[in-house]
Amino acid sequence: MKQQKRHRTNLISTVTFMVMAGILAFLAVILYNHTKLELRFDTLISWLQNIDDAIVQLDSNVEIIICIFALYIAKCQLPIPMGFLCVISGIVFPLSQAILLNLLFTSFFFTVKYLEGGFIGGGWTGMILGIKQLHFVRDWIQFKGTGNPYVLFVSRLIPSIPLGMVSKYYGSMKYDFLYYILLSLLGFAPRLFIYTKIGSAILNPFSVQFIVLLMIIVAFSGISGIMFNVFYGIKSKQMNQTLLIYSEKEKYKIVL
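As a starting point, this report considers the structure included with it. Owing to the predicted nature of the structure, the values given are computational and were not obtained by experimental measurement. (Residues numbered from 1 in each chain as written. Predicted model: local features only at pLDDT ≥ 70, side-chain atom pairs only at ≥ 80, totals over all residues. Heavy atoms only, no water.)

**Structural notes on unusual backbone geometry**
Cut-off, in case you're wondering: Helix and strand definitions here come from DSSP, where helices need a minimum of 4 consecutive H or I residues and strands a minimum of 2 consecutive E residues; each element is numbered from the N-terminal end.
Unlike most non-glycine residues, lysine 174 shows phi in positive territory, near 60°. Following the sequence through the fold, lysine 174 ends up in the loop between α10 (163–172) and α11 (177–201).

In C-alpha cells, the structure reads:
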C-alpha cells in the first residue's frame, strides 16, 4: 500500500513536470521566433487592436464596469476562471485602473463566498475533507477550530486550489472576516497582477512581455502543483505512521 501511494505521488509529479516542461519549451520556441510570428500574424494583431479601439470609443466606462461586475457576480455561482475576469479588465482599462477594479471585485467575490459558507456550511470542501484519508488536511486547515492563516494565504497563491471552495470553508469556520479578506487579497495579489498585465499585453500575443507572463504562470502553476502533491504524500505517510503507532498502543492497553 505504501509503495502504491508513493508510486502514485511520483507519477503525478512526473506527469505534471513533463506537461509543464513541454508547455514551457513550446513558449520558448515562440519567444525565440516572436519577431517572425508578429509579421506573419500581423492581421490578427491588427484585428485585436481594432477591438481595443472599438472598446475605447464606447459611450460610458460606467457601462463597461457594470458589465465586468456582472461577470464577477456570475462567477459566484458559475465556474468562470478568475484569471479570465482579470484579463478582461486589463484589456479594457489602463493597468492601474484595471488592478484597482479587480481588487474591488475580487474582494466582493471573497465576501460573497465567505458569507455563503457561514450560512450553508463548507460545501464540497467540507465533504471532501470528511474523507478519512484527508482528516489530517482538515485538522491542519482548522488549526484548533480557529482556521489556519498560512493555509489561507498559500491557497490564494497556488492556482490549482479553487478560490470559492476555500472561501466557503473558512466562512463555515467563522474565521475573522478582516483577516480573511486581508490574507486573501495578499495571497491572490501576485496572480491578480500577472493576469491583469496579460490583459494589457494581449493586443500582441506574440510580444516578449505577453509570452514571458504566460511562462511565469505556467511555471508557477506546475511547480506549486508538484510541491502540493509532494507535501500531501509526506503528510499522508506521517499520518499513517501516527495511526499505526496509536493502534499498537491501544492493542496492549489495560483497562482497569
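**Thoughts on the pattern of salt bridges**
Formally: Every case where a carboxyl oxygen of Asp or Glu lies within 4 Å of a side-chain nitrogen of Lys or Arg is listed as a salt bridge. Throughout this description, buried means an accessible area under 20% of the type-specific maximum (1.4 Å probe, protein chains only), exposed means over 50%, and partly exposed covers the range between.
All told, the structure shown has 2 salt bridges when counted by the stated rule. The partner of lysine 113 in a salt bridge is glutamate 116, with the nearest N and O atoms 3.1 Å apart. With lysine 113 and glutamate 116 both in helix α6 (residues 95–120) and 3 residues apart, this pair spans about one turn of that helix. With respect to class, lysine 113 is no different from glutamate 116; both count as buried. A salt bridge links lysine 168 to glutamate 116, with the nearest nitrogen and oxygen atoms 3.4 Å apart. On the criterion of sequence distance, the pair formed by lysine 168 in helix α10 and glutamate 116 in helix α6 is long-range, its members being 52 residues apart. For lysine 168, a relative accessible area of 14% translates into the label buried. Take glutamate 116: its relative accessible area is 16%, and that puts it in the buried class. Three or more residues joined by partner-sharing salt bridges are found here, namely Lys113, Glu116 and Lys168.

**Examining a nonpolar patch on the surface**
Formally: Exposure above 30% relative accessible area and no salt bridge define the residues that can form patches, which grow by joining like charges within 9 Å and nonpolar side chains of Val, Leu, Ile, Met, Phe, Trp and Tyr within 5 Å. We get accessible surface area from the Shrake-Rupley algorithm with a probe of 1.4 Å; when it comes to residues, only the shown protein chains can shield them.
A contiguous nonpolar surface patch, about 320 Å² in accessible area, is contributed by Leu11, Val15, Val19 and Ile23. Structurally, valine 15 is set in helix α1 (residues 2–32). Given a relative accessible area of 43%, valine 15 falls into the partly exposed group.

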